[in-house]
Amino acid sequence: MKRIFLFYILLVMGLALMAQTIQLPAKVAGKEQAASPDTSKIKAGETKRVHKKMILALDTLTLSDYTLSLERVNDNLNTIGDSAKLGIEVTKIAHRIDFLTNDVKLIRQNFRGRTSVIHLKNQYLYQSFTATLDDETDRIQAKLDKLYHRVYHAKSHLKNVLNDSIFRKLYANKELRTTFDDKLIRLEWKWNRTDSVTKANLDTLNALKVRLSDNSLVLSNMLNFMDKRLDKTVPRLFGKEVSFIWQKDSVEAPTKQSSKNAVSIFRSEENAIGFYFIQTSGGRLTVLIMAIILFLWLFLKRKMLKKIRLEEDSFSYLNLKYMNHHPIISVFVVLLCLMPFFDAYAPTSYISIEFVLLILASSVILLKKGEGTFLFNWIGLGVMLVINVLTYLLVDPTFIGRVFQLAIHGGLLMLITFFYKSLRKEMPNYKFIKTAALTGIVLSSLGILFNIFGRFSLSGIVGIAGVFAIMQAIILMVFVEIVIEIILIQLQSSRLKKGVTKPFDRTFIEDKIKMPLMLIALIIWTIMLASNLNIYRNLSKEVVDALTITRTIGSISFQMLSVILFFVIIWFAHILQRLLSFLFGETGVDLEDATAATKGQHSRLLITRLLVLIGGYLLAIAASGLPIDKLTFLLGALGVGIGMGLQNIVNNFVSGIILIFDGSLQIGDEIEVSGQAGKVKEIGLRASTLSTPDGAEVIIPNGNILSQNIVNWTFSNDEKRIMISFSLTGQELDANVINEVINDTIKNIEHVMSNRMPVILYTKVTQDSCMITVRFWSKISHADQVKSEAMQLLNAAFRTKKIGFE
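Here's a quick rundown of the structure. (Residues numbered from 1 in each chain as written. Predicted model: local features only at pLDDT ≥ 70, side-chain atom pairs only at ≥ 80, totals over all residues. Heavy atoms only, no water.)

### Focus on unusual backbone geometry
Comment: phi is negative for the bulk of residues other than glycine, and the bulk of peptide bonds are trans. Of note in the backbone geometry, N319 takes a positive phi value of approximately 55° without being a glycine. By secondary structure assignment, the location of N319 is in the loop between α10 (302-310) and α11 (327-337). (Helix = DSSP H or I, 4+ residues; strand = E, 2+ residues; numbered from the N terminus.)

### Considerations on the sheet that holds strand β6 (residues 697-701)
Spatial ordering of the open sheet is given by β6-β5-β4-β3-β7, a layout of five strands whose pairing is antiparallel. In the strand order of this sheet, the two ends are held by β6 and β7 (711-712), each with one partner. One ladder, built from two bridges, connects strand β3 (residues 670-673) with β7; its direction is antiparallel. For I671, the partnering residue across the bridge sits in β7 and is N712. (Pairing = 2+ DSSP bridges.)

### Considering the packing of aromatic side chains
Taken as a whole, this structure holds 10 aromatic pairs when the rule is applied. Taking the centre distance of 6.0 Å and the plane angle of 65° together, the rings of F432 and W525 count as edge-to-face. On the criterion of sequence distance, the pair formed by F432 in helix α15 (residues 430-452) and W525 in helix α17 (residues 506-532) is long-range, its members being 93 residues apart. Here the two residues F432 and W525 agree in accessibility, since each one is buried. Taking the centre distance of 6.1 Å and the plane angle of 15° together, the rings of F798 and F805 count as stacked. Given the relative accessible area of 0%, F798 is considered buried. According to the relative accessible area criterion, F805 is buried, its value standing at 12%. Ring pairing ties together the aromatic residues F726, F798 and F805, which thus form one cluster. (Phe/Tyr/Trp six-rings, centres within 6.5 Å; stacked < 30°, edge-to-face > 60°. Buried < 20%, exposed > 50% of the residue type's maximum accessible area, 1.4 Å probe, protein only.)

### What about the sheet that holds strand β10 (residues 769-779)?
Ordered in space as β9-β10-β8-β11, the four strands form an open sheet in which the pairing is antiparallel. Strand pairing shows two members of the sheet lacking a second neighbour, β9 (759-765) and β11 (804-805), which therefore form its edges. Note that β9 and β10 share six bridges and pair antiparallel. Across the sheet, I760 pairs through a bridge with V774, a residue of β10. Helix α25 (residues 735-747) rests against β8 (719-729), β9 and β10 of the sheet, and its axis sits at about 140° to β9. Contacts from helix α26 (residues 783-800) reach β8, β10 and β11, with the element oriented near 25° to β8. (Contact = heavy atoms within 4.5 Å. Axes fitted to C-alpha atoms, helices over the stretch in contact; angles between N-to-C directions.)

### Some remarks on the pattern of salt bridges
One pass over the full model with this rule turns up eight salt bridges. Among the salt bridges present, the one from R506 reaches E481, with a minimum N-O distance of 3.3 Å. Of this pair, R506 sits in helix α17 while E481 sits in helix α16 (residues 456-497), and the two are 25 residues apart along the sequence. In this pair, the class of R506 matches that of E481, namely buried. Because the salt bridges share partners, they merge into one network encompassing E481, R506, E510 and K514. (Salt bridge = Lys/Arg side-chain N within 4 Å of Asp/Glu carboxyl O.)

In structure tokens, the structure reads:
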């Protein structure tokens, strides 16, 4: 019972303690809740004050901030001012627009002229130049658009340059404005100046664009008008221009105004020539450079030419006809003959004046060389040319004018036929001149037919072309001969500088360079014939279009022009490397040149020729535009072919390059290789040529030379030891006398090396005889000659001493 009571008391006390423990945290929490409102208010107030201080701190700007803002605005104004500037380029554009305007006016004035004779070439000329001016106008327009966009962009930025927030606060604060007053004044002045400059530049560009737009509109209208006029002119030219000659004239007889018409025609042609000369002034620079080079070369070779004139017999192997007597005129003829490459589109009157100058220059050098019949034909053709040109320019298609032109063409036909019959097969370039004469006969005959059937303008065109064809063919043959003579003179001059006086074979040099020169002459003749017939423009366009059409074989695309360029460049590279040899005095025929010249010169020339060939091949590949990436399979197949069947060719090619740069074998060396002995004549890329003493030329692959032992007698010097053996008989043979005779005799022989004493060996001695071997040195190129001469002189010397020589 007591235990139960005690347990009950302990239980009650425990419950009471638990109740007190629970109530105590609640009271504490209540006290804290009662105190918390004051604390939160204090903290909130402190936070507001901190935020306010931070905001005030952020809004507070220092003087350095305002200074940086002013500098920023100043830099932006400088940048905008630089962008808005118009430099010297605009001045050039303005001047060019002035020139374009004047050119447009000139073309309009010249193209307005209407005559009864159709000047198709002049119309093509003006159309070509008008199209060129139109293209240039488009290019200038693109430049002006770019400049206008830049200046307009600068003006747009100028409006926003003052929107800087700090700068705006500075400007809004009166005290700050007073502080930065000087800087603000300068900025305001700079802004106003930049704004005015920008507006002025925009006005300038707008004015230029307006002027250019006017020119563009005029050029566009002119091109349309020219196209329409040419569309009518070509059918009119080939169609029936006037009535048949036996019918009534469709053109009235010339009135009193014919003199004024003639003056107008001359003035029109003068304007055409002046305009053409101005428009093609850039191309004259090439001609000027060529003229300077040729006349400078002529000045440097004046002593050489004088020597050739004074010693004509000594240089007869050169067979000079023109350069020795008329060097300046000959160079002038060469320059004029090359002009068709630059004047294919020139007016007829311009080409005629140029050709008359060429005829006069050629006549000076031809009249002294030609025969009586040739001189008669030449003068007659020149007179006919002048009359034909004047008739074409001045004569109207009246009955009298047409009869006059018929008489001119009839006389021209008779003259060319007489010239054709006087040609002889043995004369040089017979086939070319014969072809030109036949062309002249055909064109003169067509001129007569066209005139009879009412094609008066076409008759004048083909008549002029016929005279040009025959006369230019003769002059071009003179051109070829003059160029060959220039090369021969340079070759002879280089040989004399190296001490080589031996004559060389002119025909060998001529055969090497005449074919490319004849090809150039044929191209010039064809260009001028097509130009005089007024078909060069259309013909060249058709040819270019045909050659530039992209063709496809499989996945490879190419143009025929690229293929032709590839082979032409390689061909010219081979011609050029051969021409370099001639210009530096090497003919490649006789080896005396190589002996006289130093080996270093030969090596440098050989390396230069190799570099020209390599450069030519690389240029040909670049010009051809071959898709190398698409030729990988072909290159791989080529590599397999090299590894299997072409390894010998590649071996020879690489060996040739090694021989050229190694220097162990050079042109003119006396060598022994592959059982052959002789002098090295040529080192090529595949094989080298050896000239034997018997006159044979042995071609040895370079791979064989490089893989074998080479005996080079002239590697370090050109000396060779000569050994002769003989026997002497006599009653009293004195060794001192014998030695003296041998030494004196050998020493006086030409080409024997005097710095080396002969070595005398007695191989057998008896009472009345002895066997002697003599060894001495001479130049290897005269070894056999020296040996023979030594035996003869020793025989004569010992006989005078009454000693037998065997």
